[in-house]
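So you can see what is in the structure, the chains are spelled out below.
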Amino acid sequence: MLVISATFRRMDEILVEEALNADGVYVIWRGKNKVRPADIGQGKLLDRLAKKQLKKPHSEVSALIAIMKDSSPGINKENAELVEALLLEVARQINRWPTEAKKNGALKKVGEWLETCHTIRVNVRGYDPLLYPARPPLRKTKQIHAYFAKDSGGMFSLQIAHDWNRRH
């Protein structure tokens, strides 16, 4: 089992030094939209956030950020890609797909990891990345589980289970 911790913090709580050259996952909220995020992505955080803001320089922005810092830089990048892909899938399932998202994330990479580790669990702490950042922090950890399940025809398919209520 691969376990990834993602602690989401508000952008205004993070020091520049923490995010400098750090891989991570971000959830951007723009303007008055408090129902759906504008984008969910991953990468070198300061680079990615600067590029996203330059595309719409006059819009009001809030963001939640999870810095991947549990492992080596290469593993942190991989973990960020997995968290992004799984968060995007959860967002799709609960009808919170980002308004500016153009891709589904790296679900193929999730499948490749599952071939060796069989289960991926993401522990989400801090702020709920799929709720507007002004909300209070999570009281308990939310989890996303990814695994392969065999259907009635004997074929394996990717399954994603999570703690988000589908009525949001």
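Below: a short report on this structure. (Residues numbered from 1 in each chain as written. Predicted model: local features only at pLDDT ≥ 70, side-chain atom pairs only at ≥ 80, totals over all residues. Heavy atoms only, no water.)

This brings us to the overall build of the protein chain. Within the protein chain, the secondary structure is distributed over four helices and seven strands. Counted from the first residue to the last, the protein chain has its helices and strands arranged as β-α-β-β-α-β-α-α-β-β-β. Its C-alpha atoms give the protein chain a radius of gyration of 16 Å, within 12% of the compact-globule value 15 Å for 168 residues. Judged by the C-alpha coordinates and their principal axes, the protein chain covers about 55 × 35 × 30 Å. Taken across its 168 residues, the protein chain has 42% of its residues classed as buried. Where the 29 positive side-chain charges of the protein chain centre and where its 19 negative ones centre are 6 Å apart. (Helix = DSSP H or I, 4+ residues; strand = E, 2+ residues; numbered from the N terminus. Rg over C-alpha atoms; globule rule 2.2 N^0.38 Å. Buried < 20%, exposed > 50% of the residue type's maximum accessible area, 1.4 Å probe, protein only. Lys, Arg positive; Asp, Glu negative; His and termini not counted. Charge placed at Lys NZ, Arg CZ, Asp CG, Glu CD.)

Moving on, we come to the pairing of strand S7 (residues 156–162). Strand residues, when the strand is regular, have side chains that alternate between the two faces of the sheet. Sheet topology places strand S6 (residues 142–150) next to S7; seven bridges connect them, and they run antiparallel. Bridge pairing links Ile-144 to His-162 in S7. In textbook terms, the turn of a hairpin is the stretch between consecutive antiparallel strands, and for S6 and S7 this stretch comprises five residues, one of which, Gly-154, has a positive phi near 85 degrees. (Pairing = 2+ DSSP bridges.)

Right, let's talk about the side chain of Arg-96 for a bit. Assignment of secondary structure puts Arg-96 in the loop between helix H3 (73–93) and helix H4 (107–117). Asp-128 provides the closest opposite charge to the buried, salt-bridge-free Arg-96, at an N-O distance of 7.3 Å. Within the local environment of Arg-96, its side chain forms a polar contact with the backbone oxygen of Leu-130, the two atoms lying 3.3 Å apart. (Salt bridge = Lys/Arg side-chain N within 4 Å of Asp/Glu carboxyl O. Polar contact = N/O pair within 3.5 Å; in protein donor to acceptor, adjacent residues only side chain to side chain.)

What follows concerns the sheet that holds strand S3 (residues 39–44). What the seven strands build is an open sheet, ordered S3-S2-S4-S1-S5-S6-S7; its pairing is mixed. Two strands close off the open sheet at either side, each with one partner strand: S3 and S7. Between one strand and the next, the sheet's axes are offset by a mean angle of 25 degrees, whatever the strand orientation. Sheet topology places strand S2 (residues 23–30) next to strand S4 (residues 61–67); seven bridges connect them, and they run antiparallel. Of the residues in S4, the one forming a bridge with Val-25 is Ala-66. (Axes fitted to C-alpha atoms, helices over the stretch in contact; angles between N-to-C directions.)

Next up on the list: the packing of aromatic side chains. Applying the stated criterion across every chain, the model contains one aromatic pair. Between the aromatic rings of Trp-29 and Tyr-132, the centroid separation amounts to 5.7 Å while the plane-to-plane angle is 90 degrees, which identifies the pairing as edge-to-face. One end of the pair, Trp-29, is in strand S2; the other, Tyr-132, is in the loop between strand S5 (119–126) and S6, and 103 residues separate them in sequence. Comparing Trp-29 with Tyr-132, the two get one shared label, buried. We note Lys-34 situated over the ring of Tyr-132; from NZ or CZ to the ring centre the distance is 4.7 Å. (Phe/Tyr/Trp six-rings, centres within 6.5 Å; stacked < 30°, edge-to-face > 60°. Lys NZ or Arg CZ within 6 Å of the ring centre and 35° of its normal.)

Quick look at the nonpolar core now. One finds Phe-8, Leu-87, Ile-120 and Val-122 to be the most contacted residues of the largest nonpolar core, which totals 34 residues. Of the residues forming this core, the biggest block, nine residues, is contributed by H3. Excluding residues that lie within four positions of it along the chain, Ile-120 makes contacts with Leu-2, Ile-4, Leu-82, Leu-86, Val-110, Trp-113, Leu-114, Ile-144, His-145 and Ala-146. With 10 residues, the next largest nonpolar core counts Ala-19, Ala-38, Ile-65 and Ile-67 among its residues. (Core = buried A, V, L, I, M, F, W, Y, C linked by side-chain atoms within 4.5 Å. Contact = heavy atoms within 4.5 Å.)

Looking now at the pairing of S4. Most of S4 is tucked away: six of the seven residues are buried. Judged from the two bridges that link them, strand S1 (residues 2–10) and S4 form a sheet pairing that is antiparallel. When the sheet's bridge partners are listed, Arg-10 is paired in S4 with Leu-64.

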